[in-house]
Amino acid sequence: MSGTRQKSLIRKALHRPNLVLGGFLTGFIFLTALAAAIGTPYPTDGVSIAERLQPPTAAHWLGTDSLGRDLLSMLMKGAQNAMLMGCVAVGIGLAVGVPAGLYAAMRKGLSVDAVMRLSDLIFAFPAILTAVLIAALYGPGVTNAILAVGIFNIAVFARVTRGAALNVMGRQFVTAAAAIGRPPIAIAIHHVLPNAAGAIIIQATIQFAVAILAEAGLSYLGLGVQPPDPSWGKMLNDAQTLMFTHPMQAVVPGAAIMVAVLGLNLLGDGLRDVLDPRLRIVRSG
Amino acid sequence: MRSKRFGIALAAAQMVALAATAGFAATGGAFAKDSLTMGVGLEPPHLDPTAGAAAAIDEIVYANLFEGLTRIDRNGAVQPGLAESWTISDDRLTYTFTLRDGVTFHDGASFDSSDVKFSLDRARAETSTNAQKGLFEGIASVEAPDPKTVIVTLKQPEGNFLWNMGWGDAVMVDPASAESNNTNPVGTGPFKLARWTKGDSVMLTRRDDYWGKAPALKSVTFKFIPDASAQVAALLAGDVDAMPNMGAPETLAQFEADPRFEVVVGTTEGETLLVLNQRRDLFKDPKVRRAIAHAIDKQAIVDGAMFGFGTPIGSHFAPHNPAYLDLTGVAPYDPEKAKSLLAEAGHADGLKLVMKLPPPSYARRGGEIIAAQLRAVGIETELVNVEWGQWLSDVFKGDHDFDLTIVSHTEPLDIGIYARPDYYFGYHSDAFNAVMDEIRDTADEAKRTKLYQKAQTILAEDTANVFLFQLAKTGVRAAKLDGLWENAPIQANDVTGVHWRK
């Protein structure tokens, strides 16, 4: 990638409000999670019944929950858990799915069919359902939830990578590389992967949002993050019966989930505008 | 799926309501509703109270579908049921019951002394599947000299016998229908089963040939709404007229402010416990048990998990019982004492325990509070949320695989469970067993009260469990609905006396 192209990409990016806003929101959540890893204003495993269900005050910026825990601290720890879930689940998907997809694109035959049909099989079960199944078999817990979503992501990334790679494989420079005797692995890494990266990155942001939603959903059902660890989904569950009397309890974690998912989707959308060559042609034409 | 079912049921309920309105309009009478829809948290596994421990069964069938020789009224007092009177011999071993006239089962079969003999013999038989066989253990023989008379002879005097005969597990059944009662309950009560829509509701309708005073309601529907926020929504939408026990106490506040509803907070027989598994060597040491009791602030749990509804207790006894003794002072909240007791017992470095929590909010929220309180004295607790089925199979039965659990024991006057050798928390005390034997052999009320208090004291001194609080009955009902029970002296939703005000 040349320097001028990079510069033009950045200039283009700054002209996309969805990308800027998405990046800002995502960055904000990431920073919150990082801050939580360093420390929260109050401990999240302490219970203080006397201070429960307080409205926002100078001491507790967002108020306290039904057990008297600081909502802001819970929210920050929840962000940390959500980000952890996203990073690991997408990481698993990238680490296994991308090589599998590349392999499937470069080869033909029974093994390729096997890989793609296996991914079809995984695809047939929504991530949340797989997670519920794993929780039923091996017990609820954040590790199992991450694994379930990660496995689902493998199939997603295998597909996206294969699709993008097949598209690149037909191009002349790949044929040229093959003609001068570059080994298939080198072609895959140096020629195919960089050109498929855009699609993979876009997919990664989307899957990140899916993972956060899955974590919230599973924790809401009691199958994800286990008490006393805070999670946005668990906070929503706790708030459910307090909705009419203490709406803030539901609004706070609900808004956090919305901001995170919205941010990631805008980011993905914006990245698509900038990185996807097909869209570029349509727009410029 | 769920919302669809809900929608259909709603439509059906509206149709019923519409039909009722039309009926009244035709006769020109003043409009008073004669149907009731009541929400209950759990769906019963079946409808035979003589073959299941689930409270959900009695909460539908007791007094409504099935009746016993005696019945427990709303205040917990014993009243005549199918036996209109009885005499007790001087040695208190022989009870002669005189049965009521004109009692029939729902299927038309007549009720007489042979049914009583059958029901009691069936319940106390070797092969009986009755969940409370202990109620019948003292019976030596049951005779039916004539159709209206039953003579029950006991092995030894039993102070609670008439009370025991009022339990849902001791109701009268007909030999012809006894085995099919689980799906098609046939009793002597004023209501009969009209329809059981699995997963949704049980509908009862009034029968015309009831022996006693006919209830005011023509039909009663028990709707199963396990989810606490769905219960709120169902009440607000008018889908149910009453919830005898709200799943989440924090939802009461909004009904208190609403003139359409009346909030009634009563008492139950539910002693809520932090159960210490005394099959574990750790909890065989009374010092460790006492240390945990000192570490726990009961009022904080009542406030935090139950939003103030509930009464802290110090032993396994309901505060509304006349024999109740306030023992909350035996092991007061004292974290420093807890720490020093733990150190004395050789656990100064702390402990790691597993606490299994069933679904009710008293357990889930209470568990988080207790975990925080235990952490303060150096005990780390891993919280494991389980569903009821899992709780029954892992904690209550099976290998009893748990260190701690939180559960409310809602059976009335159930202090005797501590004398059971195989009960799930594994408590054993010879002194306590001796007191329970003495209670069984004592008739004098004042003496029994003293003995019950002695039994409570033994459990408190021993820290047989950590006794948290008495569960409150947090009911919400339509403001115009009269006659529902305020308290729950036994597991029941007796609707025979319920009516709508105009």
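Residues numbered from 1 in each chain as written. Chains lettered and ligands numbered in written order. Predicted model: local features only at pLDDT ≥ 70, side-chain atom pairs only at ≥ 80, totals over all residues. Heavy atoms only, no water.

Peer 1: How should the overall build of chain B be read in this particular structure?
Peer 2: The helix and strand inventory of chain B stands at 14 helices and 19 strands. Each principal axis of the C-alpha atoms in chain B carries an extent, and together these give about 75 × 55 × 35 Å. Partitioning the intrachain contacts of chain B with sequence separation of at least 6 by distance along the chain shows that 69% fall at a separation of at least 24. In chain B, 49 side chains carry a positive charge and 66 a negative one; their mean positions are 4 Å apart. (Helix = DSSP H or I, 4+ residues; strand = E, 2+ residues; numbered from the N terminus. Contact = heavy atoms within 4.5 Å. Lys, Arg positive; Asp, Glu negative; His and termini not counted. Charge placed at Lys NZ, Arg CZ, Asp CG, Glu CD.)

Peer 1: Can you help me understand the confidence of the model for chain B in this one?
Peer 2: Low-confidence regions, as indicated by low pLDDT, have predicted coordinates that should not be scrutinised in detail. Residue-level pLDDT values for chain B average 90, and 94% of them are 70 or greater. For the stretch residues 1–30 of chain B, pLDDT sits under 50, and the model shows 17 contacts to residues farther than four places along the chain or on other chains. (pLDDT = per-residue confidence, 0-100.)

Peer 1: Would you mind going over the UniProt feature "transmembrane region" (unreviewed entry) in chain A with me for this structure?
Peer 2: All names here are of chain A. The sites that UniProt annotates as "transmembrane region" (unreviewed entry) are residues 20–38, 82–106, 118–138, 144–161, 199–223 and 244–267. End-to-end, the C-alpha atoms of residues 20–38 are 27 Å apart, and along that stretch the chain is 100% helix and 0% strand. A distance of 34 Å separates the end C-alpha atoms of residues 244–267, which is 83% helix and 0% strand. (UniProt positions renumbered as here; feature names shortened; annotations may be inferred.)

Peer 1: Teacher, can you tell me more about the packing of helix H2 (residues 17–38) of chain A against helix H10 (residues 248–275) of chain A here?
Peer 2: Axis angle and axis distance: for two packed helices, these are the angle between their axes and the distance between the axes, and together they describe the pair. Residue and element names in this part refer to chain A. Where H2 contacts H10, the two axes come as close as 7 Å, and the packing angle between them is 140°. As judged from the angle between their axes, H2 and H10 are oblique. As for how H2 packs across H10, the hand of that crossing is left-handed. (Axes fitted to C-alpha atoms, helices over the stretch in contact; angles between N-to-C directions. Parallel < 35°, antiparallel > 145°, perpendicular 65-115°, else oblique. Left-handed = near helix turned anticlockwise from the far one by under 90°.)

Peer 1: What am I meant to see in the environment of B:Asp208 here?
Peer 2: All names here are of chain B. Within the secondary structure layout, aspartate 208 lies in the loop between strand E9 (201–206) and strand E10 (219–224). On the basis of relative accessibility, which here comes to 80%, the residue aspartate 208 falls in the exposed class. C-alpha of aspartate 208 to C-alpha of proline 190: the two residues are 18 residues apart in sequence and 8.1 Å apart in space. (Buried < 20%, exposed > 50% of the residue type's maximum accessible area, 1.4 Å probe, protein only.)

Peer 1: Could you clarify how one ought to interpret the pairing of strand E4 (residues 83–88) of chain B in this entry?
Peer 2: Moving residue by residue along a regular strand, the side chains alternate between the two faces of the sheet. Residue and element names in this part refer to chain B. Bridge count between E4 and strand E5 (residues 94–99): five bridges; the pairing is antiparallel. The partner of serine 85 across the bridge, within E5, is threonine 98. Joining the antiparallel neighbours E4 and E5 is a turn of five residues, in which arginine 92 adopts a positive phi near 60°. (Pairing = 2+ DSSP bridges.)

Peer 1: Looking at this structure, how should I read the nonpolar core?
Peer 2: For soluble globular proteins, nonpolar side chains are generally found buried alongside one another. Formed by 68 residues in total, the largest nonpolar core has its most connected members in B:Leu274, B:Ile292 and B:Tyr418. By residue number, the principal contributor to this core is helix H11 (residues 361–375) of chain B, which donates six residues. In contact with B:Leu274, not counting residues within four places along its chain, are B:Ile292, B:Ile296, B:Met355, B:Ile370, B:Leu404, B:Thr405, B:Ile406, B:Asn465, B:Val466 and B:Leu468. Within the second largest apolar cluster, 35 residues are counted, among which are A:Leu102, A:Ala105, A:Ala177 and A:Ala216. (Core = buried A, V, L, I, M, F, W, Y, C linked by side-chain atoms within 4.5 Å.)

Peer 1: Please explain the interface of chain A and chain B as it appears in this structure.
Peer 2: Think of interface size as the accessible area that goes away when the parts come together; that is how it is often given. Each partner contributes residues to the interface: chain A has 19 residues there, and chain B has 21 residues. For the pair chain A and chain B, the summed buried area comes to about 1700 Å², and 58% of that belongs to carbon and sulfur atoms. At the surface where chain A touches chain B, the tally comes to three salt bridges. The salt bridge partner of A:Arg69 is B:Glu368, with a shortest N-O separation of 2.7 Å. Joining chain A to chain B, the criterion identifies eight residue pairs in polar contact (both at pLDDT 80 or more). Taken together, the residues that form the side of chain A that touches chain B break down as eight nonpolar, six polar and five charged. (Buried area = accessible area lost by both parts, 1.4 Å probe. Salt bridge = Lys/Arg side-chain N within 4 Å of Asp/Glu carboxyl O. Polar contact = N/O pair within 3.5 Å; in protein donor to acceptor, adjacent residues only side chain to side chain. Nonpolar A, V, L, I, M, F, W, Y, C, P; charged D, E, K, R; others polar.)

Peer 1: How do you make sense of the pairing of strand E12 (residues 261–276) of chain B when you look at a structure like this?
Peer 2: Residues and elements named next belong to chain B. Of all 16 residues in E12, 12 are buried, a share of seventy percent or more. Both E12 and strand E17 (residues 466–478) contribute to a ladder of 11 bridges, which runs antiparallel. Of the residues in E17, the one forming a bridge with phenylalanine 261 is alanine 478. Relative to strand E16 (residues 404–409), E12 is paired through six bridges, and the arrangement is antiparallel. The partner of threonine 272 across the bridge, within E16, is serine 408.

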